[in-house]
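Structural overview for review
Spelled out from the first residue to the last, the chains are:
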Amino acid sequence: MSDNKKRLKNIEYAEAEWKKNVLDKRVGRFNLSKSPTRFYSPLAVSNFNFLEKVGFPGQYPFTAGNNPFDYWRAYAEDAAKMGYRPDWGAASGVGKYGGFGTAEDYRDYLIRMHSMGRTGGPNMAFDLATQCGYDSDSPYAEGEVGRVGVAIDAFNDFATIYEPYTGDLEIDRVPSNFTINAPAAIIIAMYAVLAEKRGIPLEKLRGTPQNDILKEYIARGTYIYPPKHSLRLFRDICVFCTQHMPKLNINSMGGYHIREAGATRVQDLAFSMSNATAYIQAGIDGGLAVDSFAPKFTFNAFGGSMEIYQEIALQRAARRIYARLLKERFNAENPRSMMIRQPITAHIGCSSTTLQRTLNNLTRAVVGGMAAGMSGGMPGVFPPFDEPLGLGHSQEAVQLQLDATRILIYEAKVADVNDPWAGSYFMESLTDEIEAKSLAEMEKIENMGGAVAAIESGYMQKAISKSAYERQKRIESQEEFVVGVNCFTGENEMDVNVNRVVEATYDPELLKSAEDRQKRKLAELKRQRDGKAVSSTLAALKEHARDENKNLMPDICECVRNNASLQEICDVLRDIFGEFQQARF
């Protein structure tokens, strides 16, 4: 018997004796059925291989993190001395996520932000009509124009938003983010045409379209076409961007929306990785080498609960699964192809915040920041405590959020050690457990025919609905506790409040008039444009859409150049592809 086997045998014997003579007696003394806590020994990771399972930060399989240290850590001391803000917006070069009303309204908001020194690129939220491929004059858009984002009907709207971006803020100098999925090809085409009209080479454009259509069927709901046709459009975007816009990220996928819809931790990871598998295969099916495009894939975020240990393990497992997926299944050779690039790592998720005793959400978010800092990311405290009170975080909440992040970095020094849990019997065992369960779920989806088949059958959607229902039942039955919601709610408890000053962002009067103004502008565009050119380009798009092997991005760009509207382009594709109907379950 080897020395290691003998050592493990001794530990196994000692553990059995401990359970009998110490643990079981303690459990019996308190009349419990089992211990309320757990303890992990080397037996939990008896076959642990450090280089295979963890490795060093910045090296395969990236369990310990993508880099020995991130860019923000290199300048942390300078940031403290000069008062820089350690926030995610600064990380990507874009401004605050926003958008409302008409393009003119959002443009004026951006001008106001620039006057305050906030000169990041547009980080666009689109209204629901735009997200679902409808113009502002559609009956389906009534009451929704400019409400949850900016309305974009045609290229002139898109160009208007960028009027403040010239000179040092020219579009080849600042990146842009587009939170759009089903019509992502059209928005990317508008970005390309804008650069073309300004004489800027496409290869200089930077930014990130969300372009994660598969999760829309699973979680958010802003899909248009059946999944296989949407994946064809993703393929066309992937090829077009790789060949013509190589600095533009291709997508921002991942589990944030899936988890917020009610998915479990394992579903979050497994469904996201199954979607990623479909996207990677789409790029390969488009004739691309995996290392030519995979480095431009990004993830939104994984995670979203208060269970700090599990959320740390989730990040570690996610990086390892993705790295192995790219290397072993898709034969990637470039290490950057194997990295999960995401602006946010561990976090509590907005769904973990509560309307009751709202200030407690700051404490909750700090727990998420700790998890982030101990799992390979900036210890970002997110979201602000007043998240559940409605759109518009107060200045006080944002200040507390930023200061909490700073305290974790500069006072608690959470970010001074990479992957501090590496080698922990408990954490390595938990990481292995989450990985194994996620891989089993991925295999189940693969056996169904992959992510598209699992969506078409309704499997993923049903699984998430069931998980959301079961969690709510656990809260209502007090199997899970939420402080101030289903426990510690007696009359002697106090609801602590602070002043909330919400920065003026969306003018209510502008919102009231946005729909009428947008309709008038669209009608004027349709009167003035070259109708024959619009009809001709839409006809060409329709003809090529019938050919699965045709890349539609050049046709969509041509439609945009000739002022075809977003819905006109989408309607052509609706005619050919059809519209998706969810399976009944």
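Structure shown above.
Residues numbered from 1 in each chain as written. Predicted model: local features only at pLDDT ≥ 70, side-chain atom pairs only at ≥ 80, totals over all residues. Heavy atoms only, no water.

**So, the packing of aromatic side chains**
- Applying the stated rule across the entire model yields 25 aromatic pairs.
- Look at Trp-18 and Phe-39: their rings are 6.0 Å apart centre to centre, the planes differ by 55°, and that puts the pair in the tilted class. A residue pair is termed long-range when its members are at least 10 positions apart, and Trp-18 in helix H1 (residues 3-29) and Phe-39 in the loop between H1 and helix H2 (50-53) qualify at 21 residues.
- Aromatic pair Phe-299 and Phe-302: ring centres 5.4 Å apart, planes at 35°, arrangement tilted. Of the two residues examined, Phe-299 and Phe-302, each falls in the buried class.
- Through a chain of ring-to-ring contacts, three or more aromatic side chains come together here, namely Phe-158, Tyr-162, Tyr-165, Phe-178 and Tyr-191.
- Here the guanidinium or amino end of Lys-327 rests over the ring plane of Tyr-60, the centre of that ring lying 4.2 Å away.
- Directly above the ring of Tyr-134 sits Arg-574, whose terminal nitrogen or CZ lies 4.4 Å from the centroid. (Phe/Tyr/Trp six-rings, centres within 6.5 Å; stacked < 30°, edge-to-face > 60°. Helix = DSSP H or I, 4+ residues; strand = E, 2+ residues; numbered from the N terminus. Buried < 20%, exposed > 50% of the residue type's maximum accessible area, 1.4 Å probe, protein only. Lys NZ or Arg CZ within 6 Å of the ring centre and 35° of its normal.)

**A word on the pattern of salt bridges**
- Here the structure, examined in full by the defined rule, presents 41 salt bridges.
- We note a salt bridge from Arg-320 to Glu-435, for which the minimum N-O separation is 2.9 Å. Of this pair, Arg-320 sits in helix H15 (residues 308-329) while Glu-435 sits in helix H18 (residues 425-448); the two residues are 115 residues apart in sequence, bridging distant segments of the chain.
- The exposure class assigned to Arg-320 is buried, which follows from its relative accessible area of 0%.
- Several salt bridges share partner residues, and in doing so they unite Lys-53, Arg-320, Arg-324, Asp-432 and Glu-435 into one network. (Salt bridge = Lys/Arg side-chain N within 4 Å of Asp/Glu carboxyl O.)

**As for the pairing of strand E2 (residues 176-179)**
- Neither face of E2 is left uncovered, since the one carrying Ser-176 and Phe-178 and the one carrying Asn-177 and Thr-179 both have all their residues buried.
- Here three bridges tie strand E1 (residues 123-125) to E2, and the two strands are oriented parallel to one another. For Asn-123, the partnering residue across the bridge sits in E2 and is Asn-177.
- With three bridges joining them, E2 and strand E3 (residues 207-209) adopt parallel strand pairing. What sits directly across from Ser-176, in E3, is Gly-207.
- Note on the crossover from E2 through helix H9 (residues 184-197) to E3: the handedness is right-handed. (Pairing = 2+ DSSP bridges. Right-handed = clockwise from strand over helix to strand, strands pointing away.)

In short, shape yes, function no, at least from these values alone.
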